[in-house]
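# Observations on chain architecture
Read off the chains here:
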Amino acid sequence: MAQIPTPPVIELKNLKKRFGIGDAEHFALDGMDLTIQKGEFIAIMGPSGCGKTTLLNILGLLDRSTDGEYFLDGQDVSTIGQRRQAQIRSRQIGFIFQSFNLISRLNVIENVALPLAYKGVTRLKRLRLASDILANFHLNEREYYMPYQLSGGQMQRVAIARALVNEPSIILADEPTGNLDSRSSHIIMEELSDLHKRGNTIIMVTHNPRLTTYASRVITMIDGHIDTDTFEVFQLPDPLAKRPLGVIPEPSPKKPRRKKAATSTTPKRKQK
Amino acid sequence: MRFLLVNHIQNAHQSLRASRMRSFLTMIGVTIGVASITAILALSGGASKVVSDQVDTLGGNIAVVRPGKTTDPLSGLAQVQAERSFSTSTLTEYDLTTVAAIPHIQAVAPVMILSGVIKASSVAPNDSAIVASTPELATISHLETSSGQFLDPSVKQNTTVIGVQLSINVFGTEQSIGKTLTIRGQSFTVIGVLKRLNQPINYNGVDFDNAAIINFASGKQLNQGVSQLQQIDVQADSVAHLNQAIIDVNKSLIVNHQGETDFSVLSGVQISQPTSQLFYAIAGVSGAVAAISLLVGGIGIMNIMLVTVAERTREIGIRKALGASNRDIAWQFLIESLAISISGGLVGYILGYVVAFGITTSFLTFDPLLNWQIAVTALSVSVVIGVIFGLYPAFRAAHKDPMDSLRQYN
Ligand SMILES: Nc1ncnc2c1ncn2[C@@H]1O[C@H](COP(=O)(O)OP(=O)(O)OP(=O)(O)O)[C@@H](O)[C@H]1O
Ligand SMILES: [Mg+2]
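Predicted, not measured: the structure shown is a model, and the values here were computed from it.

To continue, consider the overall build of chain A. Broken down by element type, chain A carries eight helices and ten strands. Counting the 272 residues in chain A, one finds 51% classified as buried. Working note: accessible area of chain A is about 12,700 Å², and carbon and sulfur atoms make up 52% of it.

Now the structure itself:
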């Protein structure tokens, strides 16, 4: 079908990110090769410090790689200008930070409405959209709170609401449920899962193996490169079978594939 | 962009309110600068308006000859003063007769201002003027007497016509005809009292309400026989002939002065340009105050904006991550610095008028000029300061790397 020639949303070729120079030199990403198709829900796991956040920052156009290539929608990112990059961040990418990154000067609703401002939405509409999405996350009573008046979990939900308010097609989530109890985590995961069903691409970093059940593909990283990838495991039996079925890979047939991720039961102990 | 502008303005408002004291202190420089500019413009505008209104009501056919070249008022500040107080005027009695002989010139009057004490039963205040002139002065400047008559050299040498305020000051009454006062120790008989004019500022540079006018010959005599002309008033026979007359006056006087243009013939608005040395001194000082405080104020804004940018580094990173382009960030900070400078300018504009009205009601008799040009000038000065000194911090903010900014703790 016509979808076959569309380039992958994200394609990394031998991507490297070096921090420091000389003796302090350290590769946070050391030769990442990764292809992500539109509509995938990817869970990235791996020990602390293995470069997950670094990877997301580069994918989100916040940071530049030291070496290697990154194609976004088939276009080499290093050739995209500053203004266009800002536009991509504004229209296409929703970033959920590990550390929330709410603007402390602004109240909850202003924080959530901010991405819409850079998209050119009118003020009234901004506030309405922000209010709607906050209601989704059961935060409508906290709209006029300042960030420091929120609990960690509430902050996290505000940060997620802010990342999703623009309806981005690529969602980069760095431990979106790190501060949440299992019930709240569930709400967030259902939301992400819903976005996934509507055809959005989601890349989520998590330390919680249970959450990988929501994902269509699980990648584990070690020392700046990919250790295991369920996609490859899955690809072997029916390499092309999934393609013509449609752009949106239905989550149900992939569920058994999660067994691979589930085998790594060791990190379970890390759970809070 | 349009929607963002509103956002930026709200943001600036919020941020200025959040640190009120800091914003207030930063504003002061611009406030003082704009206040000085507003006050100068309002006062000089008011003064020129008074004089130009007078020239208009006098028929518009008046020109004046003044000693010295007219230079740009502020740069000429020092010279004007020196010339007036110490050196002799470049205008001579011969010039007076030359000018009087020029066709289309109806009347010519010398204005010789002398310093000295006026005394009768009490001593006149220091600011009372002694003017030596000829009867034509009354015609040209529309001076009318409320009692008695104007100067007439044929009557008697030592006679004087005095302003009504001077009469009250030295005799305690407006009715002083026939009384005697002494000017520089010489006795003069009052033969006329002028009607009240209430024009302390006029093109003759004399407050006739508070002046004693004596005959030109007496004036020379008081001045060791030397004539010292501050001005020659010239009246053409019609408005249409004024320009030709001015050209002729210029030509003849250049001949008189051996080709040296050490005089100037002024008409219309040129006359109304303020002449008082005090005025130039005030304008010069407040101009300097304005320039210095605007510079200091601008640097203050730049400094505060750099601090703000540093404080908000992380915010800049977040905003960029959420889709702000460099230009969006630059606008955010530029509008904030503009908000400071414009608020400062607004307060300064009001303060300027408070000062101007304060000065005019306590020392002067005219009202400061209120017009939109002054408001626009005040506003533009504030905007220019805000932009000039806000540009660099805004540029710094805009070019911060998103990741480096996000890594910053605050
Ligand atoms: N700005 C930096 N300068 C130097 N080293 C850095 C910098 N940022 C990250 N690193 C290093 O890069 C490595 C990967 O960091 P990263 O934040 O990507 O880890 P992570 O996988 O997200 O870990 P965690 O699960 O704890 O969040 C770490 O060893 C870290 O010390
Ligand atoms: Mg991390």
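Let's pick the thread back up.
What follows deals with the packing of aromatic side chains. One pass over the structure, following the stated rule, counts three aromatic pairs over all chains. Between the aromatic rings of Phe95(A) and Phe97(A), the centroid separation amounts to 4.6 Å while the plane-to-plane angle is 25 degrees, which identifies the pairing as stacked. Of the two residues examined, Phe95(A) and Phe97(A), each falls in the buried class. Here Tyr353(B) and Phe357(B) contribute two aromatic rings whose centre-to-centre distance is 6.2 Å and whose plane-to-plane angle is 40 degrees, an arrangement assigned as tilted. Of this pair, Tyr353(B) and Phe357(B) both sit in helix α12 (residues 326–363), separated by four residues, roughly a single helical turn. For Tyr353(B), a relative accessible area of 7% puts it in the buried group.

Here we take up the interface of chain A and chain B. With 27 residues of chain A at the contact, the number on the chain B side is 26 residues. Where chain A abuts chain B, roughly 2,500 Å² becomes buried across the two surfaces, and 53% of that area is made up of carbon and sulfur atoms. When the area that chain A buries against chain B is broken down by residue, the three leading residues are Leu62(A), Arg105(A) and Tyr118(A), summing to 29%. Taken together, the links from chain A to chain B amount to two salt bridges. A salt bridge links Glu315(B) to Arg105(A), with the shortest nitrogen-to-oxygen separation between them at 2.8 Å. When residues of the side of chain A that touches chain B are traced back to their parent elements, those giving at least two are α2 (82–91), α3 (108–117) and α4 (123–136) of chain A. Per-element accounting of the side of chain A that touches chain B gives the leading share, five residues, to α2(A).

Scanning the entire structure with this criterion turns up 14 salt bridges over all chains. Two residues, Arg312(B) and Glu336(B), come together in a salt bridge whose shortest N-O distance is 3.2 Å. Of this pair, Arg312(B) sits in the loop between α10 (277–311) and α11 (313–321) while Glu336(B) sits in helix α12, and the two are 24 residues apart along the sequence. Taking relative accessible area as the criterion, Arg312(B) reaches 8% and is therefore assigned buried. When its relative accessible area of 2% is taken as the criterion, Glu336(B) is described as buried. Through salt bridges with shared partners, a single network forms among Arg105(A), Arg312(B), Glu315(B), Arg319(B) and Glu336(B).

On average, chain A scores 83 in pLDDT, and the residues at 70 or more come to 83%. The low-confidence segment residues 234–272 of chain A, where pLDDT is below 50, has 39 contacts with residues more than four positions distant or belonging to other chains.

Turning our eyes to something else, we now look at the coordination of the magnesium ion (ligand 2). Residue and element names in this part refer to chain A. Donor atoms from the polypeptide that coordinate the magnesium ion (ligand 2) comprise Thr53 (OG1) and Gln98 (OE1), at 1.8 to 2.4 Å from the metal. Of this pair, Thr53 sits in helix α1 (residues 52–59) while Gln98 sits in the loop between β6 (93–96) and α3, placing them 45 residues apart in sequence. On the accessibility criterion, Thr53 (28% relative accessible area) is partly exposed. Owing to a relative accessible area of 39%, Gln98 belongs among the partly exposed residues under this scheme.

Here we come to the nonpolar core. Membership of the largest hydrophobic core comes to 74 residues, with the highest contact counts inside it found for Ile10(A), Leu12(A), Met32(A), Leu59(A) and Tyr70(A). Ranked by size, the runner-up nonpolar core spans 39 residues in total, among them Phe171(B), Phe188(B), Ile214(B) and Leu242(B).

Each pair of packed helices can be summarised by the angle the axes make with each other and by the distance between the axes. All names here are of chain B. At a minimum axis separation of 10 Å, helix α2 (residues 20–57) and helix α13 (residues 372–398) run at an interaxial angle of 155 degrees. Judged on the interaxial angle alone, α13 and α2 are roughly antiparallel. Where α2 crosses over α13, the handedness of that crossing is right-handed. In this structure, α2 contributes Val30, Val34, Ile37, Thr38, Leu41 and Ala42 to the contact, and α13 contributes Ile374, Thr377, Ala378, Val381, Ser382 and Ile385. Taken together, the residues that form the contact of α2 with α13 break down as nine nonpolar, three polar and no charged.

About the cut-offs
Residues numbered from 1 in each chain as written. Chains lettered and ligands numbered in written order. Predicted model: local features only at pLDDT ≥ 70, side-chain atom pairs only at ≥ 80, totals over all residues. Heavy atoms only, no water. Helix = DSSP H or I, 4+ residues; strand = E, 2+ residues; numbered from the N terminus. Buried < 20%, exposed > 50% of the residue type's maximum accessible area, 1.4 Å probe, protein only. Areas by Shrake-Rupley, 256 points an atom, 1.4 Å probe, with all protein chains shown as cover. Phe/Tyr/Trp six-rings, centres within 6.5 Å; stacked < 30°, edge-to-face > 60°. Contact = heavy atoms within 4.5 Å. Buried area = accessible area lost by both parts, 1.4 Å probe. Salt bridge = Lys/Arg side-chain N within 4 Å of Asp/Glu carboxyl O. pLDDT = per-residue confidence, 0-100. Donors = N, O, S within 2.8 Å, 3.2 Å for Na, K, Ca; no water. Core = buried A, V, L, I, M, F, W, Y, C linked by side-chain atoms within 4.5 Å. Axes fitted to C-alpha atoms, helices over the stretch in contact; angles between N-to-C directions. Parallel < 35°, antiparallel > 145°, perpendicular 65-115°, else oblique. Left-handed = near helix turned anticlockwise from the far one by under 90°. Nonpolar A, V, L, I, M, F, W, Y, C, P; charged D, E, K, R; others polar.

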